[in-house]
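The chain contents come next:
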Amino acid sequence: VQLQASGRGLVQAGGSLRLSCTASGRSFSVYRMAWFRQAPGKEREFVASITWSGGPTYYADSVKGRFTISRDNAKNTVYLQMNSLKPEDTAVYYCAADLNPYGKNDYWGQGTQVTVSS
């Protein structure tokens, strides 16, 4: 599975941005996709996840109510709509995929930079 992320950008605090991640290759076998992020000097952290079959979504507490993860099965694409952005959301965002419920984020896309200015 190959993952291609897009949507990098520079926005002011309070603004919005949407990231996309398109799966190719064995995309028909994707079970779950997720977004992670890594800020400078910090470890990579979980942001949100969604199953391909329309199951529950999960969010980090820091983004609940502001970010929404969604998917378009026909386009093999997962989105991360980010609203009310804060400077602390500044990070490189990565998408990840698993082919089964037991996966541990087995596939990763390249990172995409999100910068939120104050």
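Residues numbered from 1 in each chain as written. Predicted model: local features only at pLDDT ≥ 70, side-chain atom pairs only at ≥ 80, totals over all residues. Heavy atoms only, no water.

Caption draft 1: Broad picture of the overall build of the protein. Summing up its helical and strand segments, the protein has 0 helices and 11 strands in all. For the protein, whose C-alpha radius of gyration is 13 Å, the value lies close to the compact-globule estimate of 13 Å for 118 residues. Across the 118 residues that make up the protein, the buried fraction comes to 42%. Partitioning the contacts of the protein with sequence separation of at least 6, the portion at a separation of at least 24 is 51%. Of the accessible surface of the protein, which amounts to about 6,200 Å², a share of 48% is contributed by carbon and sulfur atoms. Put simply, the protein has 13 plus and 8 minus side-chain charges, and the middle of one group is 4 Å from the middle of the other. (Helix = DSSP H or I, 4+ residues; strand = E, 2+ residues; numbered from the N terminus. Rg over C-alpha atoms; globule rule 2.2 N^0.38 Å. Buried < 20%, exposed > 50% of the residue type's maximum accessible area, 1.4 Å probe, protein only. Contact = heavy atoms within 4.5 Å. Areas by Shrake-Rupley, 256 points an atom, 1.4 Å probe, with all protein chains shown as cover. Lys, Arg positive; Asp, Glu negative; His and termini not counted. Charge placed at Lys NZ, Arg CZ, Asp CG, Glu CD.)

Caption draft 2: A look at the sheet that holds strand β1 (residues 2-6). Taken in spatial order, the 4 strands of this open sheet run β1-β3-β8-β7, and their pairing is antiparallel. The open sheet has two free edges, formed respectively by β1 and β7 (67-72), since each of these has just one partner strand. Averaged over all neighbouring strand pairs, the angle between strand axes comes to 15 degrees, with direction disregarded. One ladder, built from 5 bridges, connects β1 with strand β3 (residues 17-24); its direction is antiparallel. Note on β3: the bridge partner recorded for S6 is S20. (Pairing = 2+ DSSP bridges. Axes fitted to C-alpha atoms, helices over the stretch in contact; angles between N-to-C directions.)

Caption draft 3: Examining the side chain of T77 more closely. Mapped onto the secondary structure, T77 falls in strand β8 (residues 77-82). Judged by its relative accessible area of 5%, T77 falls in the buried class. A distance of 2.8 Å separates a polar side-chain atom of T77 from the backbone oxygen of K75. Leaving out residues up to four positions away in the same chain, T77 has contacts with S20, C21, T22, W52, S70, R71 and D72. (Polar contact = N/O pair within 3.5 Å; in protein donor to acceptor, adjacent residues only side chain to side chain.)

Caption draft 4: Fine view of the state of the cysteines. The tally for this structure, following the rule as stated, stands at 1 disulfide. One disulfide bridge connects C21 with C95, the sulfur atoms lying 2.0 Å from each other. Residues C21 and C95 share a disulfide whose torsion about the S-S bond is about 60 degrees; that sign makes it right-handed. One end of the pair, C21, is in strand β3; the other, C95, is in strand β9 (residues 91-98), with 74 residues separating them in the sequence. Neither C21 nor C95 differs from the other in exposure class; each is buried. (Disulfide = S-S within 2.5 Å.)

Caption draft 5: Geometry of the packing of aromatic side chains. Scanning all chains against the criterion turns up 3 aromatic pairs. A centroid spacing of 5.7 Å and a plane angle of 80 degrees characterise the contact between F36 and F46, whose relative ring orientation is edge-to-face. Highlighted residues: F36 in strand β4 (residues 32-38) and F46 in strand β5 (residues 45-51), separated in sequence by 10 residues. Ring geometry for Y94 and W108: centres 6.4 Å apart, planes at 80 degrees, overall edge-to-face. Taken as a pair, Y94 in strand β9 and W108 in strand β10 (residues 107-108) lie far apart in primary sequence, 14 residues in all. Among the aromatic side chains, those forming a connected cluster through ring pairs are F36, F46, Y94 and W108. Directly above the ring of W108 sits R44, whose terminal nitrogen or CZ lies 4.6 Å from the centroid. (Phe/Tyr/Trp six-rings, centres within 6.5 Å; stacked < 30°, edge-to-face > 60°. Lys NZ or Arg CZ within 6 Å of the ring centre and 35° of its normal.)

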